[in-house]
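Descriptive structure summary
Below are the chains, spelled out letter by letter.
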Amino acid sequence: MRTISSSTIVATVLLATDSQSFSPSSTISSRTSISSNINFSSTTNSIQSSSTISRSLSPNDEDLELTRKIIMDHIKKVGTDDEGVEIDEDTLPSHNKNPDDYPQNDLMIRAALGRSDVERTPTWLFRQAGRHLPEYTEYKQKTGRSFLDMLSYPEDVAECTMQPIRRYNVDAAILFSDILVIAEALNIEVTMPGGVGILVPCPLVGPADMKDRLPAKETLNSDFVKDKLGHVMTSVRLIREQMRKEDISIPLIGFSAAPWTLLFYMVGGSSKKNQHIGMEWLHSHTDASKELLDMLTTVVIEYMSQQVENGAHMLQLFEAMGMMIEEKEFYEFAMPCLEKIATELKSKYPDVPLMVFSRGASFANEELSKLGYDVVTIDGSVDRATARDVVGGRTGLQGNYDPAELIEANGKTTETVRETVKALLEALGPQRLIANLGEGLGGKESPELVNAFVEAVHDESEKIIG
């Protein structure tokens with residue numbers, strides 16, 4: 001959130017010396033977002049400060065000196081970013097008070113944290129980078145690398161992350177990565193042969209196999225993440241550098257798969273075949289399942305923490321395989337992991353928005369809203385009429401636009417997109433909302449209609465907010 005320049009305030013005060021008639025309330029524009037926090041009234045602190053003013057000054061001199069002191073105290077708590085725009089220290093996250101690292105467009109952060117209203121609803125899209133973009137296909141062909149191979153090259157990750165934010169006026173970038181990088185770090189091979197989704201060709205076959213193939217739990221620390229996933233952190237830093245070069249100042253979202261989703265792939269091998277194996281593990285190898293989930297939780301927390309330390313402004317946790325676990329088992333096995341992740345990350349980074357998406361397990365949204373997450377994502381199955389009641393004002397909402405509305409072959413147009421966006425905003429309300437999809441872009445979507453979605457979210461929410 002941007003503030004009025006303190007240097008402007010000081011200059012105005014100094015110019016008022018001769019007339020002794022300076023009036024802050026008439027000089028500072030009311031539209032500046034933080035200026036209301038500068039208290040020119042006779043607060044307790046101001047009265048105490050006035051005792052230091054020389055008694056020999058005239059009443060007008062005393063007023064001017066007091067005003068100067070209040071402003072200088074304000075300046076001390078304000079940082080200036082690399083464009084000379086000042087940001088109130090209270091706006092900056094507690095873990096990083098460098099104003100250069102705070103995005104000029106902070107709509108996403110404000111909407112997620114819910115500490116202040118937004119002037120328009122922010123938006124980004126799941127899988128906004130990738131297959132639906134012609135520039136992605138062209139770049140991928142140019143490199144000659146597969147999707148998974150590109151993830152090992154920070155320059156590729158940065159370029160693919162940048163492509164959608166160059167094309168669309170979205171309010172956030174998201175790290176171009178995959179949900180199974182943690183599985184790979186744990187010595188589990190991951191492939192993507194094409195047409196069949198992600199595969200784990202040699203999944204874990206039992207507790208003994210798990211012991212033999214996975215690293216010891218005590219080794220799963222910050223050094224482990226730096227060693228095995230350091231290329232991701234290099235990518236995060238490179239993305240931030242490229243965003244600065246291209247003067248795109250929006251939040252960067254880091255993300256991870258949640259523990260149950262990782263376990264599902266590590267023991268089952270595929271989202272399309274052997275879907276029953278994950279649940280079978282929970283019952284046949286209960287102790288080993290809990291041990292594995294605990295290990296994964298430890299790595300997820302450290303992995304997401306290091307993304308923040310390397311420049312991510314926000315975090316998204318994906319329980320992408322929520323539809324592959326029954327409700328009873330979700331609460332017994334998955335929910336404790338999600339709770340621990342929220343507790344530890346919000347303890348370390350209270351000002352970094354933490355978003356969660358339990359896809360296909362919307363029954364858990366109410367309990368998720370009680371764990372400390374800032375935003376609960378709703379998928380396409382959620383009734384918008386009751387979505388706010390479910391989270392009870394404890395969190396914001398994200399979602400749940402149908403990506404099928406963005407496919408021209410379905411008969412969709414820019415006009416139909418605008419009408420369906422209006423329906424979304426009217427049902428969920430424009431505040432404490434991040435307009436997104438109910439599931440990720442699949443590759444058939446029209447870039448023109450995706451752009452129409454982004455623009456309609458901004459335009460229509462501004463009309464509603466007024």
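For the structure itself, consult the block above.
Residues numbered from 1 in each chain as written. Predicted model: local features only at pLDDT ≥ 70, side-chain atom pairs only at ≥ 80, totals over all residues. Heavy atoms only, no water.

Once that is clear, we can look at the nonpolar core. Grouped together as the largest cluster of nonpolar side chains are 138 residues, with contacts concentrated most on Met266, Leu406 and Phe453. Of the residues forming this core, the biggest block, 11 residues, is contributed by helix 14 (residues 286–309). (Core = buried A, V, L, I, M, F, W, Y, C linked by side-chain atoms within 4.5 Å. Buried < 20%, exposed > 50% of the residue type's maximum accessible area, 1.4 Å probe, protein only. Helix = DSSP H or I, 4+ residues; strand = E, 2+ residues; numbered from the N terminus.)

Now for the pairing of strand 6 (residues 354–358). Judged by how many residues are buried, strand 6 sits mostly within the fold: 5 of 5 residues are covered. Going residue by residue along strand 6, you find Leu354, Val356 and Ser358 tucked away on one face and Met355 and Phe357 tucked away on the opposite face as well. Relative to strand 6, strand 5 (residues 314–319) runs parallel, the two being bridged by 5 bridges. What sits directly across from Leu317, in strand 6, is Val356. Handedness of the crossover is the feature at issue here: the chain leaves strand 5, passes through helix 15 (residues 327–348), returns alongside strand 6, and the resulting connection is right-handed. (Pairing = 2+ DSSP bridges. Right-handed = clockwise from strand over helix to strand, strands pointing away.)

Further remarks concern the side chain of Thr261. Residue placement: Thr261 occurs in helix 12 (residues 259–268). We classify Thr261 as buried; its relative accessible area is 0%. In this structure the side chain of Thr261 is engaged in a polar contact, spanning 2.9 Å, whose partner is the backbone nitrogen of Ala320. In this structure Thr261 touches Ile179, Phe318, Glu319, Ala320 and Met321, once residues within four positions along its chain are discounted. (Polar contact = N/O pair within 3.5 Å; in protein donor to acceptor, adjacent residues only side chain to side chain. Contact = heavy atoms within 4.5 Å.)

When you line up the elements, Ala385 lands in helix 17 (residues 384–391). On the basis of relative accessible area, Ala385 is assigned to the exposed category, the value being 61%. Along the chain, Ala385 and Glu426 lie 41 residues apart, while their C-alpha atoms are 10.0 Å from each other.

Applying the stated rule across the entire model yields 12 aromatic pairs. With a centroid separation of 5.4 Å and an interplanar angle of 85 degrees, the aromatic rings of Phe330 and Phe363 are classed as edge-to-face. Remark: Phe363 occurs in the loop between strand 6 and helix 16 (365–368) and Phe330 occurs in helix 15; sequence separation between them is 33 residues. Look at Phe330 and you get buried, because its relative accessible area is 0%. What links up through ring pairs into an aromatic cluster is the set Trp124, Phe126, Phe255, Phe318 and Phe357. Directly above the aromatic system of Tyr153 lies the positively charged group of Arg145, at a separation of 3.7 Å from the ring centroid. (Phe/Tyr/Trp six-rings, centres within 6.5 Å; stacked < 30°, edge-to-face > 60°. Lys NZ or Arg CZ within 6 Å of the ring centre and 35° of its normal.)

Tallied over the entire structure, the rule returns 24 salt bridges. With its nearest N and O atoms 2.9 Å apart, the salt bridge here joins Asp351 to Arg115. You can see Asp351 sitting in the loop between helix 15 and strand 6 and its partner Arg115 sitting in the loop between helix 5 (107–113) and helix 6 (134–143), a full 236 residues away along the chain. We classify Asp351 as buried; its relative accessible area is 18%. The partner of Lys463 in a salt bridge is Glu460, and the shortest N-O contact between them spans 3.4 Å. Of this pair, Lys463 and Glu460 both sit in helix 19 (residues 447–465), 3 residues apart, which is roughly one turn of that helix. Looking at Glu460, the relative accessible area reads 5%, which means it is buried. One salt-bridge network, held together by shared partners, links Arg418, Asp459, Glu460 and Lys463. (Salt bridge = Lys/Arg side-chain N within 4 Å of Asp/Glu carboxyl O.)

Let us now look at helix 12. In terms of burial, helix 12 is largely enclosed, as 10 of its 10 residues are buried. Among all positions in helix 12, only Pro259, Trp260, Thr261, Leu262, Leu263, Phe264, Tyr265, Met266, Val267 and Gly268 are buried. Where helix 12 is buried, its residues meet helix 9 (181–185), strand 4 (252–257), helix 13 (277–284), helix 14, strand 5 and helix 15. Looking one or two places after helix 12, you find Gly269, whose phi comes out positive at around 90 degrees.

Spatial strand order, 3-4-5-6-7-8-9: 7 strands in an open sheet with parallel pairing. Two strands in the sheet have a free side with no partner beyond their single neighbour: strand 3 (173–174) and strand 9 (433–437).

On to the side chain of Asp178, then. By the element assignment, Asp178 lies in the loop between strand 3 and helix 9. Within the buried set, Asp178 has no salt-bridge partner at all; the shortest N-O distance to an opposite charge, 7.8 Å, is to Arg127. A polar contact of 3.0 Å, which involves the side chain of Asp178, links it to the backbone nitrogen of Leu180. With residues near it in sequence (within four places) discarded, Asp178 still touches Phe147, Leu148, Leu151, Ile198 and Phe255. (Lys, Arg positive; Asp, Glu negative; His and termini not counted.)

Here helix 19 is 19 residues long and its end C-alpha atoms lie 27 Å apart, about the 27 Å a rise of 1.5 Å per residue gives. For helix 19, the set of buried residues is Pro447, Leu449, Val450, Ala452, Phe453, Val454, Ala456, Val457, His458, Glu460 and Ser461. Looking at the buried positions of helix 19, the neighbouring elements they touch are helix 6, helix 8 (154–167), strand 8 (396–401), helix 18 (414–428) and strand 9. Of the residues that open helix 19, the one with a side-chain oxygen 3.1 Å from the backbone nitrogen of Glu448 is Ser446. Gly466 sits one or two positions beyond helix 19 and adopts a positive phi of about 80 degrees. (Expected span 1.5 Å × (residues − 1).)

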